[in-house]
There are 2 protein chains.
Amino acid sequence: MKIALLGYGTVGRGVDEIISARVPQVQVARILELPDRLTGPRMTSSYEEILDDEKIELVVECMGGVEPARTYIMAALAAGKHVVTSNKAVVAAHFEEFARAAQAAGVGLYIEASVGGGIPWIAGIEKARRIDEVTSFSGIMNGTTNYIVDAMRRQGAEFDDVLAEAQRLGYAERDPSADIDGIDVANKTIISASVAFDVACEKDLPVTGIRNLTKADLDLFAKRGRTVKLLGRGTCRDGRYAVAVEPVAVGEDSLEACVPGNFNLVTLDATTVGELRFYGQGAGSLPTGNAIVQDVLDCATGARRPTYDFSRELTYDPTLLRADYVFRTTAELDGEEPFGEGAYLVRDLTAEGARAILSEALLADPTSFMAAVMTKVTG
Amino acid sequence: MKIALLGYGTVGRGVDEIISARVPQVQVARILELPDRLTGPRMTSSYEEILDDEKIELVVECMGGVEPARTYIMAALAAGKHVVTSNKAVVAAHFEEFARAAQAAGVGLYIEASVGGGIPWIAGIEKARRIDEVTSFSGIMNGTTNYIVDAMRRQGAEFDDVLAEAQRLGYAERDPSADIDGIDVANKTIISASVAFDVACEKDLPVTGIRNLTKADLDLFAKRGRTVKLLGRGTCRDGRYAVAVEPVAVGEDSLEACVPGNFNLVTLDATTVGELRFYGQGAGSLPTGNAIVQDVLDCATGARRPTYDFSRELTYDPTLLRADYVFRTTAELDGEEPFGEGAYLVRDLTAEGARAILSEALLADPTSFMAAVMTKVTG
C-alpha cells in the first residue's frame, strides 16, 4: 500500500523509520512539507499532488494543530483516501465532521496515535465495545505532567525547577500551557469519551491543570497516604455521560501513583470484562510512530475499519461526576473542613461545581490549587 | 455463525451468557456435556454429532485438563472447524501440534483466554509482533497467588490462613498445588513465550512457586522497600531465549507491587513501542468468557486469524535470565552474603542455577524460600 505523510517532524520521521525498517508491504510514497524543507525526491509542498495521486490510498496526518490539518483531512476523506492521524487537537475539535465524511466516502478514520502514544487504547476501547458497554474510563494521558509530578515527588523538588528540567530534556514544550493547564488531556478525554460512549463528546468540560501544584501540596497529601496525578475521566450511565480533567489525589498504593516518568496509564471499566488497564509510552517518535503504523496495517490488512456514527442518544450531565475535593487556598470557601495547613476539604461536589469554586478562589488567591480525592478512579 | 461449546462449567456458562445477551451474530448451537448433565435441547454427550454438523464452524473448548481436550481439539481442527480454547494446560503441552494441524486445515487457532482472562494479552503480543520484535515479557499471571500475597501483605497474615480464606471465597482450588507451586504460571509462560518469540517453547523450565512464603519473608523484604510477586518471564536476544517462573522481590513503588487481589498484570518490551503493560481480571466466568467471545468475534468478522508456525530458529539458553537471589533457609549456601534474619543474598545466578540451589536447600530445610531481586522485570 502506498501512503503519504503530511508533516515530517518527530512523529512523521518515526513513521518513516519504522515503515522502511519493518513494514515492507507499506511504502511512504510522498511527504508533504514546507517549501524550504524539501530534502528528498519523495517530498512535495503541493498537497494537490498527493490528493490527485490515485495510487496513494492512505494519508497520515502528523502535522499537529487545527489548521491546515482539518482542511487536509477533509480533502483526503473527500478524495476517498483513508486517514490516519496522531493529531489530538484536530480530532477533539472535529471528530464528528471527520467521522461523517469518512462514512460518506466509505473510508477508514484511524486515530489510535492521538491518545496514549504506543498504547493500543482506542483499538482497545473499540474491541471492548464489540461486546460490552464501556461504563467509565480514566487515565494519566499526558507524559509531561506525569513526569513533573513524579519528579517533584521523588526529588522533593518544586514545580518550576522540575518544569525547567523537563524543558531542558525535551519532555516539555517551551510554552508548556497545553500540558500543565490540562488542555492536552482535555482533547484526549474528549476523544476517549467519543469512542468509549459513542457520542460526539461535549467540548465545554471542566478542566483544571497542575500549574499551581507545590511541593507542600504533595507533602500534605503524602501525610494522608496519597499523591496527586492529573487525570482525564468519563462516566456513562442511564443515557447520560460526563467528562472532566482535574488533579486527583490517589492512594499511594494505586497503580496511578506508581506510574513513573513520562509514561501513561489508561483504564476502562466495561460490562463483562470489568476493569482493563493499558500502560506504555504516551509520546515520542517511535511509540507514536508505532501506533500510526499499527493503524496503517489495520487498514492495509483489513483487520480493522473504524467508523464512528455517534448515534447514541446520550445527554451530557456534569452532575454524574462527584467527589470530595481538597482546596489549598487563602480564599474563603463554603462548607469546608480543615485538611491540613491552608487546605480544606469540601465534600460531595460535582467536577463542574469544584471547578467553579476554584475559579472563584483563584480571583482572591491566584496560587490556589484543588484536587479530587478518590479511592477508585473509574466506576 | 454457529458454534459449539465443549464443557459447560464456569467459563462455558459465561460464554453462553455473554453471547446470548450481547452477540446476536453468534449462536451457541450445541453444548457437549457429560451424559448426566444434559439439561437442555442444545446439549449432547456425543462429540461426533458436533464434528459431523457442518453448520458448526467453530468449537470452543473450555473443559480444562489435557485429555480428552487434546483429542477433541485435534478432531475439530481435522474436521475444518476453527478452535477457540481457554485451556492453558492443553495449549502449553500441545501448542505446536495444534498450530500445525490448524495450518494444515486452513482454520484459526484462538487461545486468548488461556492466559490473563479478559486481558487482550495474546492478541496484544501478536499485534506488537506485526511491527516489532518482542524482546522480553513478564507478568503476574495467576490471580490466586496474587490474592494470597496481597492479602498476606495487607493483613500481615500467614500463608496458610490466607490460603484457607481464598479457598472459602472460591479464589483457590481445594488442591491449590497448580497455583501455589507455579504450574499454572509455567503453562501461561510457555504459551506467552511461544507467541512472543515465535518458538515452540521449551517445557522444562525452572519453576518455583510461593508455597513456602511466610509473613516473616514479606516483612524482611518490606524493610528493604520490596515485596514479593510470583512472576512468569521470558527474554529473547541474539537467536536465543529463556523462560522462568519464580517469586520476584519487586520494588514497593513498582506497578507489580500495587496489583491488588486476584488481578493480573502482564508486560512486554518491544523494539519500537517500548514497554507495554496490560492489567485486568485474569480469571472468572465473565472476563474469561469475554476473552473467548472476543476470539469468536475475531474469527466471525475475519479481523484476526492467528496462525503460529514457530519457524524461528531460536535456541533455548537458560543462562540469559540472571539476577541476584535471596534465599531464606537453614541449609548451607555457597557465596552468600547476609540479607537479614536467616536469609542470604547470592549474586548473579541464572534462574536455573538458583532453582538448583533451592532444590538442594529444600532437602536440608523443606521450608526454604527463594526470590529473585529485580529492579526491572522485563529487558
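As the structure is a computational prediction, the values presented were derived from the model and not from experiment.

(A) Representation of the UniProt feature "domain: Homoserine dehydrogenase catalytic" (unreviewed entry) in chain A in the model. Under the UniProt annotation, the feature "domain: Homoserine dehydrogenase catalytic" (unreviewed entry) is placed at residues 120-297 of chain A. Span residues 120-297 of chain A is 43% helix and 26% strand, its end C-alpha atoms 13 Å apart.

(B) Seen up close, the packing of helix H1 (residues 10-22) of chain A against helix H11 (residues 285-301) of chain A. Residues and elements named next belong to chain A. Interhelical geometry of H1 versus H11 gives an angle of 65 degrees and a closest axis separation of 8 Å. Two packed elements cross with a definite hand, and for H1 against H11 that hand is right-handed. In contact with Thr10, Val11, Gly14, Val15, Glu17, Ile18 and Ile19 of H1, H11 contributes Ser285, Leu286, Thr288, Gly289, Asn290, Ile292 and Val293. Counted by class, the contact of H1 with H11 contains 7 nonpolar, 6 polar and 1 charged residues.

(C) Representation of unusual backbone geometry. All names here are of chain A. Cis geometry is found at the peptide bond from Glu67 to Pro68, where omega equals 5 degrees. In this model, Asp198 sits at a positive phi of 55 degrees, which is unusual for a non-glycine residue. Tracing the backbone shows Asp198 in the loop between helix H9 (183-197) and helix H10 (215-223). Taking relative accessible area as the criterion, Asp198 reaches 10% and is therefore assigned buried.

(D) Expanded view of the interface of chain B and chain A. Contact with chain B, which involves 40 residues of that partner, is made by 40 residues of chain A. Interface area, chain B with chain A, both sides summed: about 3500 Å², of which 55% is carbon and sulfur. At the boundary of chain B with chain A, the tally comes to 5 salt bridges. Of the charged contacts, one joins Asp253 of chain B and Arg154 of chain A as a salt bridge, the two residues approaching to 3.2 Å between their closest N and O atoms. There are 16 residue pairs in polar contact (both at pLDDT 80 or more) connecting chain B and chain A. Sorting the residues of the side of chain B that touches chain A by element identifies helix H1 (10-22), helix H5 (121-131), strand S11 (274-281) and helix H11 (285-301) of chain B as the ones contributing at least two each. Tallying contributions element by element places H11 of chain B first for the side of chain B that touches chain A, with 8 residues.

(E) Local environment of the relation of the copies chain B and chain A. Relative to chain A, chain B is turned by 180 degrees and slid 0.0 Å along the rotation axis, the superposed coordinates differing by an RMSD of 0.0 Å. Within this description, the copies of the chain are treated as partners about a two-fold rotation axis. Of all interface residues in chain B, 100% are interface residues in chain A too; the two copies therefore contact each other through one and the same surface.

(F) Seen up close, the pairing of strand S14 (residues 337-340) of chain B. Residues and elements named next belong to chain B. As defined by bridge partners, S14 adjoins strand S15 (residues 343-350) across 3 bridges and the pair is classed as antiparallel. Of the residues in S15, the one forming a bridge with Pro338 is Tyr344. Counted along the chain from S14 to the antiparallel partner S15, the turn is 2 residues long, and its residue Gly342 has a positive phi close to 70 degrees.

(G) Local environment of the nonpolar core. Membership of the largest hydrophobic core comes to 171 residues, with the highest contact counts inside it found for Trp121, Phe197 and Leu268 of chain A together with Trp121, Phe197 and Leu268 of chain B. The residues contacting Phe197 of chain B, other than those within four sequence positions of it, are Val134, Thr135, Ser136, Phe137, Gly234, Thr235, Cys236, Tyr241, Arg312 and Leu314 of chain B. Core analysis: the second largest hydrophobic core is formed by 56 residues, Ala242 and Ala354 of chain A together with Leu265 and Leu358 of chain B among them.

Each value, and the rule that gives it
Residues numbered from 1 in each chain as written. Chains lettered and ligands numbered in written order. Predicted model: local features only at pLDDT ≥ 70, side-chain atom pairs only at ≥ 80, totals over all residues. Heavy atoms only, no water. UniProt positions renumbered as here; feature names shortened; annotations may be inferred. Helix = DSSP H or I, 4+ residues; strand = E, 2+ residues; numbered from the N terminus. Axes fitted to C-alpha atoms, helices over the stretch in contact; angles between N-to-C directions. Left-handed = near helix turned anticlockwise from the far one by under 90°. Contact = heavy atoms within 4.5 Å. Nonpolar A, V, L, I, M, F, W, Y, C, P; charged D, E, K, R; others polar. Buried < 20%, exposed > 50% of the residue type's maximum accessible area, 1.4 Å probe, protein only. Buried area = accessible area lost by both parts, 1.4 Å probe. Salt bridge = Lys/Arg side-chain N within 4 Å of Asp/Glu carboxyl O. Polar contact = N/O pair within 3.5 Å; in protein donor to acceptor, adjacent residues only side chain to side chain. Least-squares fit on C-alpha atoms with pLDDT ≥ 70 in both. Pairing = 2+ DSSP bridges. Core = buried A, V, L, I, M, F, W, Y, C linked by side-chain atoms within 4.5 Å.

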